[in-house]
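Chain by chain, the residues:
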Amino acid sequence: MLKHRKDNINNKISKVIPNHLAIIMDGNGRWAEENNLPRYAGHKAGVKTVRMVITESIRVGIGILTLYAFSTENWKRPKQEISSLMGLFEEIIEKEKEELLENKIRIRFMGHREELPLSLRLAMENIEEETKLNNLLLLNIALNYGGRSELCHVFRLLSEEIVQGHIEPSQITQELINKNLLTSGLPDPDLLIRTGGELRISNFLLWQIAYTELWFTKTFWPDFSKKQLWKALTDYEKRVRKFGGKV
Ligand code: FPP
């Protein structure tokens, strides 16, 4: 039986409920194909699963939920799919704003913003600002995000610090790298769920998932249910985390 955790972002210690849950929401396109619908309909159908996961995360006391919404590689998709996805992100931000505020959810986006449509960027900045004092759940959305690109950015930044004489190479530590990542200040994910059947990480949070527990399902994202989320959480509860050491 899943143990209820009553604390939130500010109280991070729990062995039974992940404090930070990360999700690769995959299978929208295949769900749409199976249902004879355009791919866009799959993404739209995926929104209700996002809502369910947010609601359940709050209910069980998950503090941080990180969702992989669009990768730096997703630009290779047909132009029409990309523009409908960008439109969908903007629509969701506008539509869900009140509910996010009411439910004390803080939204943060991580990824390259400059390549996104201006109207979307403005909506993102706006909702980040409006929800910045909320603390029941941090909803971290990876949008135009890539793990390798994130690391490249950190390497460039720290090299520049060395060239400028601000730090010595020996001062590059894991803590310093952590501080310069887009997840700076956040604990690493405890559990990573991937739907859609692929058994890979697809450039998501490469540094941060070093000791994250992984959980995969063949279910396409729009069909991912509350029951399956709870199965992932109860499986996680049984995992023995050693972080390279001995229990
Ligand atoms: C991957 O499925 C999914 C995406 C690239 C987009 C995910 C977006 C949403 C669920 C919309 C709501 C999101 C947020 C964060 C508000 P895919 O298209 O790669 O599926 P396939 O592998 O079956 O082709």
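Figured I'd write up the structure that's included with this text. Note that the structure is predicted; figures quoted are calculated from it, not measured.

## Details of the site of the ligand
By nearness alone, 16 residues border the ligand, and D26, G29, R30, R39 and R77 come closest of all. Between the ligand and G27 there is a distance of 3.3 Å, counted from an oxygen atom to a backbone nitrogen or oxygen. Interatomic distance of 3.1 Å between a backbone N/O atom of N28 and an oxygen atom of the ligand. Across the complex, the protein chains shield 91% of the 630 Å² of accessible surface that the ligand would expose by itself. For the shell around the ligand, the secondary-structure elements that each account for two or more residues are α1 (28-34), α2 (39-60) and α3 (79-102). Looking at the shell around the ligand residue by residue, the classes come out as seven nonpolar, five polar and four charged.

## Describing the sheet that holds strand β4 (residues 137-145)
Taken in spatial order, the six strands make up an open sheet running β3-β4-β2-β1-β5-β6, and their pairing is parallel. Either end of the sheet is taken by a strand with one partner, and the two such strands are β3 (105-110) and β6 (213-216). Each strand axis lies, on average, 20° off the axis of its neighbour in the sheet, ignoring direction. In this sheet, strand β2 (residues 64-71) lies alongside strand β1 (residues 20-24) in parallel orientation, the contact comprising five bridges. Residue A22 lies in a different strand from β2, and its bridge partner there is T66.

Rules and cut-offs
- Residues numbered from 1 in each chain as written.
- Predicted model: local features only at pLDDT ≥ 70, side-chain atom pairs only at ≥ 80, totals over all residues.
- Heavy atoms only, no water.
- Near = heavy atom within 4 Å.
- Polar contact = N/O pair within 3.5 Å; in protein donor to acceptor, adjacent residues only side chain to side chain.
- Areas by Shrake-Rupley, 256 points an atom, 1.4 Å probe, with all protein chains shown as cover.
- Helix = DSSP H or I, 4+ residues; strand = E, 2+ residues; numbered from the N terminus.
- Nonpolar A, V, L, I, M, F, W, Y, C, P; charged D, E, K, R; others polar.
- Pairing = 2+ DSSP bridges.
- Axes fitted to C-alpha atoms, helices over the stretch in contact; angles between N-to-C directions.

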